[in-house]
Amino acid sequence: MAVNLRGRNMVSVKDFSAEEILQVLKTAETLKLEISRGQRHDLLAGKTLAMIFQKPSLRTRVSFEAGMTRLGGHAIYLAPTDISLGKRETTEDIALVLSRYCDIIMARVFGHDIVEDLARHATVPVINGLSDREHPCQILADLQTIQEKKGCITGLNAVYSGDGNNVAHSLMYGAALLGMNLTVVTPPGYEPDQEILAESKSIAEATGCEIGVSNDLMESCRGADVIYTDVWASMGQEAEADDRRKFFMPYQVNMKLLEVADADCIIMHCLPAHYDEEITYDISRTPNSVIFDQAENRMHAQNALMVLIGS
Ligand code: CP
Ligand code: NVA
């Protein structure tokens, strides 16, 4: 029987069980197919999504807004200066007020505690649209993309190269829950959060896969089915970008990796990309690259999530 996700928050990937994530992916696949056939939906007719942004965005803003339009609902964009979260008004009051007008709240924030606070106080579902600690919507879209391109997720060998950041953290939880082996390769000192590593390792033990860390990219990519990267300096770390470039250059995802990875290895990036830093332009345009499928699937995965938690 299908799992019931009505009213649930997604603040972290680990808020959902493997079965629940698979339900989102299955719904996303169906909605994607129906949209590609031109089918119109009114699954979220009359519903309103509030979108709080403390940071810039292309994909998150547009995929949520376009998704809401396609499902018959409406989205309201709240720019960083519109509500000045935590300055003009408390997070608690914002959550309580938005819950009186809207059916779902999505928030892109700096501190993960802010989206946790929103979820604690809101009486409608809250979705994390990226925090400094996690990016769960991205990983739902990525898992959908992996499933589409590789035909499975469980048992694959994935490598994430770069900064042990929000995307890496959510990927670790997602991989662990769905039984995909994952090595997170970073320069020394930029490893993922130790608590998240320990938690994902313990989830992985139960699902029969391995989550590990390494500083050796070439070795980790031998036979890899998936190679994933993200920017070296995330939003909010711009001042560190020049320093980081020196340490991160050996972790660039480039054509050399395709020589050691599986021939059908997929190359992933959540975007925005800084070409010829964390990923070369040439590898991003090979048939192995699925970066624009990931971007498209943001909308389908989020549509599925909103339909399941909000209707
Ligand atoms: N991948 C992603 O979240 O992109 P945006 O920052 O453009 O929303
Ligand atoms: N790690 C990046 C992801 C952008 C989608 C950031 O937080 O800026």
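As a reminder, the structure under discussion sits directly above these lines.
Remember, it's a predicted structure, so these values are computed and weren't measured experimentally.

Procedures and definitions
- Residue positions are counted from 1 within each chain, in the order its sequence is given.
- Here the convention is simple: chains get letters from A, ligands get numbers from 1, in the order in which they are written.
- Owing to the predicted nature of the model, reporting of local features is limited to residues with pLDDT of at least 70; listing and counting of side-chain atom pairs is limited to 80 or more, with chain, interface and lining totals taken over all residues.
- Just so you know, side-chain values use all the structure's heavy atoms and leave hydrogens and water out.
- Nearness is judged by heavy atoms alone; a residue qualifies as near a molecule or strand once a single heavy atom is within 4 Å of it.
- Any N or O atom pair separated by 3.5 Å or less is treated as a polar contact, with the protein-specific requirement of one donor-capable and one acceptor-capable atom, and with residues adjacent in sequence counted only for side-chain atom pairs.
- Areas reported as accessible are Shrake-Rupley estimates using a 1.4 Å probe. Residue values count occlusion only from the protein chains shown.
- In the scheme used here, Gly and all other residues not listed as nonpolar or charged are polar, with Ala, Val, Leu, Ile, Met, Phe, Trp, Tyr, Cys and Pro taken as nonpolar and Asp, Glu, Lys and Arg as charged.
- The definition of a nonpolar core used throughout is a set of buried Ala, Val, Leu, Ile, Met, Phe, Trp, Tyr and Cys residues joined through side-chain atoms within 4.5 Å.
- Burial classes: relative accessible area under 20% of the type maximum marks a residue as buried, over 50% as exposed, and values in between as partly exposed (1.4 Å probe, protein chains only).
- Each helix is a run of H or I in the DSSP string that is no shorter than four residues. Each strand is a run of E no shorter than two, and both are numbered from the N terminus.
- Note on definitions: a residue-residue contact is assigned when non-hydrogen atoms from the two residues lie within 4.5 Å.
- Pairing between strands is defined by DSSP: at least two bridges between them are needed.
- Axis geometry follows a simple rule: fit a line to the C-alpha atoms, using only the stretch in contact for helices, then measure angles between N-to-C directions, giving values from 0 to 180 degrees.
- Note on aromatic pairs: the rings of Phe, Tyr and Trp (six-membered ring only in Trp) are paired at centre separations within 6.5 Å, and the planes decide the class, stacked below 30 degrees, edge-to-face beyond 60, tilted for the rest.
- Any Lys NZ or Arg CZ that is within 6 Å of a ring centre and within 35 degrees of that ring's normal is treated as a charge sitting over the ring.
- Two cysteine sulfur atoms make up a disulfide if the distance between them is within 2.5 Å.
- Each salt bridge in this description consists of a side-chain nitrogen of Lys or Arg and a carboxyl oxygen of Asp or Glu lying within 4 Å of one another.

**Student:** An account of the site of ligand 2 is requested, with residue identities and associated values reported.
**Tutor:** Around ligand 2 sit Leu130, His135, Asn165, Asn166, Asp230, Val231, Ser234, Met235 and Leu271, and that is every residue in its neighbourhood. Asn166 places a polar side-chain atom, nitrogen or oxygen, 2.8 Å from a nitrogen atom of ligand 2. For ligand 2, whose free accessible area comes to 270 Å², the fraction covered by protein is 95%. Residues that form the shell around ligand 2 fall into these classes: four nonpolar, four polar and one charged.

**Student:** Outline the nonpolar core, supporting the account with residue identities and numerical values.
**Tutor:** Ranked by size, the top nonpolar core spans 62 residues in total, and within it Ile21, Leu49, Ile127 and Leu182 carry the most contacts. For this core, the element with the most residues is helix H7 (residues 166-178), which contributes nine residues. Dropping the residues within four chain positions of it, Ile127 is found in contact with Met10, Phe64, Ile104, Ile105, Met106, Ala107, Val115, Cys137, Leu305, Met306 and Ile309. Listed in part, the 20 residues of the second largest apolar core include Val11, Ala50, Ile94 and Val124.

**Student:** I'd love a proper account of the sheet that holds strand E1 (residues 48-53), names of residues and values included.
**Tutor:** Read across the open sheet, the four strands follow the order E2-E1-E3-E4; overall the sheet is parallel. Every other strand in the sheet has two partners, leaving strand E2 (74-78) and strand E4 (126-128) as the edge strands with one partner each. Between one strand axis and the next, the sheet turns by 20° as a mean value, whatever way the strands run. The pairing of strand E3 (residues 104-108) with E4 spans three bridges and is classified as parallel.

**Student:** So what about the packing of aromatic side chains? Which residues, and what values?
**Tutor:** Evaluation of the coordinates by the stated rule reveals six aromatic pairs. Judged by centre distance (5.9 Å) and plane angle (35°), the ring pair of Tyr160 and Tyr228 falls under tilted. With a gap of 68 residues between them, Tyr160 in strand E5 (residues 157-161) and Tyr228 in strand E8 (residues 226-229) connect regions that are remote in the sequence. Judged on exposure class, the residue Tyr160 and its partner Tyr228 are both buried. Here Tyr190 and Phe247 contribute two aromatic rings whose centre-to-centre distance is 6.2 Å and whose plane-to-plane angle is 35°, an arrangement assigned as tilted. Of the two residues, Tyr190 sits in the loop between strand E6 (181-185) and helix H8 (194-207) while Phe247 sits in helix H10 (residues 241-248), which places them 57 residues apart along the sequence. On the accessibility criterion, Phe247 (44% relative accessible area) is partly exposed. Pairwise contacts between aromatic rings join Tyr190, Trp232, Phe247 and Phe248 into one cluster. In this arrangement the basic side chain of Arg61 is found over the ring face of Tyr77, its NZ or CZ atom lying 3.7 Å from the centre.

**Student:** I'd like to hear about the state of the cysteines, residue by residue, with values.
**Tutor:** The full count for this structure, using the stated rule, is zero disulfides. Here Cys137 stays unpaired: no disulfide links it, and the sulfur of Cys270, its closest cysteine neighbor, is 13 Å away. The buried category is assigned to Cys137, whose relative accessible area is 0%.

**Student:** Outline the site of ligand 1, supporting the account with residue identities and numerical values.
**Tutor:** Ser57, Leu58, Arg59, Thr60, Arg108, His135, Gln138, Cys270, Leu271 and Arg298 make up every residue found near ligand 1. Here Ser57 contributes a side-chain N or O atom positioned 2.6 Å from an oxygen atom of ligand 1. Within the side chain of His135, a nitrogen or oxygen atom sits 2.8 Å from an oxygen atom of ligand 1. Against a free-state accessible area of 250 Å², the protein chains account for coverage of 96% of ligand 1. Across the shell around ligand 1, the residue classes break down as three nonpolar, four polar and three charged.

**Student:** How would you summarise the pattern of salt bridges if you had to cite specific residues and measurements?
**Tutor:** Note that side chains of opposite charge can pair when their charged atoms are close. Scanning all chains against the criterion turns up 16 salt bridges. The salt bridge partner of Lys149 is Asp293, with a shortest N-O separation of 3.6 Å. Taken together, the residues Lys149 in helix H6 (residues 136-150) and Asp293 in helix H13 (residues 291-310) connect sequence positions 144 residues apart. With relative accessibility at 39%, the residue Lys149 sits in the partly exposed group. The salt bridge partner of Asp242 is Arg245, with a shortest N-O separation of 2.7 Å. Of this pair, Asp242 and Arg245 both sit in helix H10, three residues apart, roughly one helical turn. Connected through shared salt-bridge partners, Arg133, Asp193 and Glu195 make up one network.

**Student:** Can you explain the sheet that holds E6? Please cite residues and give values.
**Tutor:** In space, the five strands of this open sheet follow the order E7-E6-E5-E8-E9, with parallel pairing throughout. The open sheet has two edge strands, strand E7 (211-214) and strand E9 (266-269), and neither has a second partner. Here the strands of the sheet are splayed against their neighbours by 20° on average, with no regard to which way each runs. In terms of strand pairing, E5 meets E8 through four bridges, oriented parallel.

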